[in-house]
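Chain by chain, the residues run as shown.
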Amino acid sequence: EDADYNKLCEDHNHLIETIPKRNGWKEQHLYNYNGFWLNPHIIKNNLVVHTYFKSQSTDIFLASFMKSGTTWLKALMFSTLNRHLYSFSDHFLLHHGPHSTFPLLDFETHPITDFTQLPAPRLFATHFPRTLLPPLITSCKIVYLCREPKDVLISKWHFMCKLRPKDMPPLSLEEAFELFCAGISDYGPFWEHVLSYWRASLENPEKILFLKYEEVKKQPEVVVRKLAAFMGKPFTAEEVEKGVVEKIVELCSFGNLSNLEVNKNGVEKFGKVAAELGVDNRQFFRKGETGDWKIYLSEEMSQRIDGITHDKLKDSGLII
Ligand code: A3P
């Protein structure tokens, strides 16, 4: 084990010295690792996951680009899959932030957490593009969530401004915009990320459920029913009759979750090392709307992103 890990550290050091490097959105640089921009810790964690994570064929993954609505989908998937375990009046989500529901694989460091005790199907989240996942994970069921890129940019800009160390000059929207358009964004380029899952979902629709934030906003009940069926736990007629679908939607709604004490004042710790990354839960709840970009982006900026989206997706059949 240790010899493996020493080798991994050597490989990582070598990578960091040789692959392209740019300024990121926070203090860490971003490095282009196999076509995607990641900070050096996440690259190392990716190597750890490849080396030590043992997936099970029954595992279900939630994959998304940062700020696409991961928090919301985590709550929806967890409460749908585990609806037999909790009552709505005393639900886990009333006392814990959505990120406590299941682990984000990307923050796994050495030695990797022992997940073997978790009952199947286990849920995991990841922001890695499909091409950076270990091959065994790509044969598991994956729910992919995508979102309008201009909304992702604005959401991410706000989020990163909050997380950026106070001794750094603020990140202007213009800088964030240029970085995003150039694809230099954690786990970016955005478009290649989305396409990595979109193409796979066309080949294997029963293995990849491709969702859009906008469709979840419009018809959350339809999406929750899709999720339940996809995860192998379709709603029974009796449950539908009792309004279980609506109750899940209400429990996980922006209005409900963002007003809970735990999400107003709680802190989410990512990774095993407590000091590693603590994020106030409230940073995951900003507005929860579609089209908020209109307040921030000029006509020229919005046209430029739309142009990139058009060019990158035009042959894919995907419209976002
Ligand atoms: P905004 O910044 O546009 O408000 P992620 O969870 O991937 O980090 O994405 C965060 C985005 O999802 C934020 O978008 C946040 O407000 C929104 N969000 C979080 N919880 C939500 C919910 N229950 N319903 C709708 N949107 C939600």
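Rules and cut-offs
Residues numbered from 1 in each chain as written. Predicted model: local features only at pLDDT ≥ 70, side-chain atom pairs only at ≥ 80, totals over all residues. Heavy atoms only, no water. Core = buried A, V, L, I, M, F, W, Y, C linked by side-chain atoms within 4.5 Å. Buried < 20%, exposed > 50% of the residue type's maximum accessible area, 1.4 Å probe, protein only. Contact = heavy atoms within 4.5 Å. Near = heavy atom within 4 Å. Polar contact = N/O pair within 3.5 Å; in protein donor to acceptor, adjacent residues only side chain to side chain. Areas by Shrake-Rupley, 256 points an atom, 1.4 Å probe, with all protein chains shown as cover. Helix = DSSP H or I, 4+ residues; strand = E, 2+ residues; numbered from the N terminus. Nonpolar A, V, L, I, M, F, W, Y, C, P; charged D, E, K, R; others polar. Axes fitted to C-alpha atoms, helices over the stretch in contact; angles between N-to-C directions. Parallel < 35°, antiparallel > 145°, perpendicular 65-115°, else oblique. Left-handed = near helix turned anticlockwise from the far one by under 90°. Salt bridge = Lys/Arg side-chain N within 4 Å of Asp/Glu carboxyl O. Pairing = 2+ DSSP bridges. Phe/Tyr/Trp six-rings, centres within 6.5 Å; stacked < 30°, edge-to-face > 60°. pLDDT = per-residue confidence, 0-100.

### Brief notes about the nonpolar core
And step 1. Judged by nonpolar contacts, the single largest core of 107 residues is most densely connected at Trp 25, Leu 73, Met 77 and Leu 227.
And step 2. Once residues lying within four places of it in the same chain are set aside, the contact partners of Met 77 are Ile 60, Phe 61, Leu 62, Phe 102, Leu 123, Val 143, Leu 227 and Met 231.

### Section: the site of the ligand
And step 1. In the region of the ligand, 17 residues are neighbours, and Thr 70, Thr 71, Ser 155, Arg 286 and Lys 287 sit closest.
And step 2. Gly 69 places a main-chain nitrogen or oxygen 3.0 Å from an oxygen atom of the ligand.
And step 3. The separation between an oxygen atom of the ligand and a polar main-chain atom of Gly 288 is 2.7 Å.
And step 4. Coverage of the ligand by the protein chains reaches 98% of its 570 Å² of free accessible surface.
And step 5. Broken down by element, the shell around the ligand gets its largest block of residues, 3 residues, from helix H3 (residues 70-81).
And step 6. A breakdown of the residues in the shell around the ligand according to their chemical character gives 6 nonpolar, 7 polar and 4 charged.

### Looking at the packing of H3 against helix H8 (residues 220-230)
And step 1. Between H3 and H8, whose axes approach to 10 Å, the crossing angle comes to 55 degrees. Judged by the angle between their axes, H3 and H8 are oblique. Every pair of crossing elements has a handedness; the one defined by H3 and H8 is right-handed. Along the contact surface, H3 presents Leu 73, Leu 76, Met 77 and Thr 80, while H8 presents Val 224, Leu 227 and Ala 228.
And step 2. Taken together, the residues that form the contact of H3 with H8 break down as 6 nonpolar, 1 polar and no charged.

### A closer look at the pattern of salt bridges
And step 1. According to the stated counting rule, one finds 13 salt bridges in the structure shown.
And step 2. Between Glu 215 and Lys 226 there is a salt bridge, with its nearest N and O atoms 3.1 Å apart. Remark: Lys 226 occurs in helix H8 and Glu 215 occurs in helix H7 (residues 213-218); sequence separation between them is 11 residues.
And step 3. With a relative accessible area of 25%, Glu 215 lands in the partly exposed category.
And step 4. Residue class for Lys 226 comes out partly exposed when judged on its relative accessible area of 35%.
And step 5. Here Lys 287 and Asp 292 are joined by a salt bridge, their closest N and O atoms 2.7 Å apart.
And step 6. For Lys 287, a relative accessible area of 29% gives the class partly exposed.
And step 7. What makes Asp 292 buried here is its relative accessible area of 5%.
And step 8. Residues joined by salt bridges that share partners form a network here, namely Glu 148, Lys 150 and Asp 306.

### Re the environment of Leu 173
And step 1. As for its placement among the helices and strands, Leu 173 is situated in helix H5 (residues 173-181).
And step 2. Residues Leu 173 and Ser 100, spaced 73 residues apart in sequence, show a C-alpha to C-alpha distance of 31 Å.
And step 3. When sequence neighbours within four positions are dropped, the list of residues in contact with Leu 173 reads Ile 154, Trp 157, Tyr 296, Leu 297 and Met 301.

### Quick notes on the sheet that holds strand E3 (residues 36-38)
And step 1. Read from one edge of the open sheet, 3 strands run E1-E2-E3, paired in antiparallel fashion. Among the strands making up the open sheet, the edge pair consists of strand E1 (21-22) and E3.
And step 2. Pairing between E1 and strand E2 (residues 30-33): 2 bridges, direction antiparallel. Bridged to Arg 22 within E2 is Leu 30.

### Observations regarding the pairing of strand E7 (residues 208-212)
And step 1. Here E7 lies mainly inside the structure; 4 of its 5 residues are buried.
And step 2. Of the strand pairs in this sheet, strand E6 (residues 141-146) and E7 are connected by 5 bridges, and their pairing is parallel. When the sheet's bridge partners are listed, Leu 145 is paired in E7 with Leu 211.

### Quick word on the packing of aromatic side chains
And step 1. In the structure shown here, the tally under the stated rule is 23 aromatic pairs.
And step 2. With 6.4 Å between their ring centres and 80 degrees between their planes, Phe 53 and Phe 61 make a pair best called edge-to-face.
And step 3. Judged by relative accessible area, Phe 53 falls into the buried class, the value being 10%.
And step 4. Judged by relative accessible area, which is 1%, Phe 61 ranks as buried.

### Focus on the confidence of the model for the protein
And step 1. In the predicted model, the protein carries a mean pLDDT of 96, and the fraction of residues at 70 or more is 98%.
And step 2. Predicted as a complex, the structure gets a pTM of 0.97 and an ipTM equal to 1.00.

### Quick notes on the pairing of E2
And step 1. Burial of E2 is two-sided: the residues Leu 30 and Asn 32 facing one way and the residues Tyr 31 and Tyr 33 facing the other way are all buried.
And step 2. A loop of 2 residues connects E2 with E3, the two strands running antiparallel in sequence, and Asn 34 in this loop sits at a positive phi of about 50 degrees.

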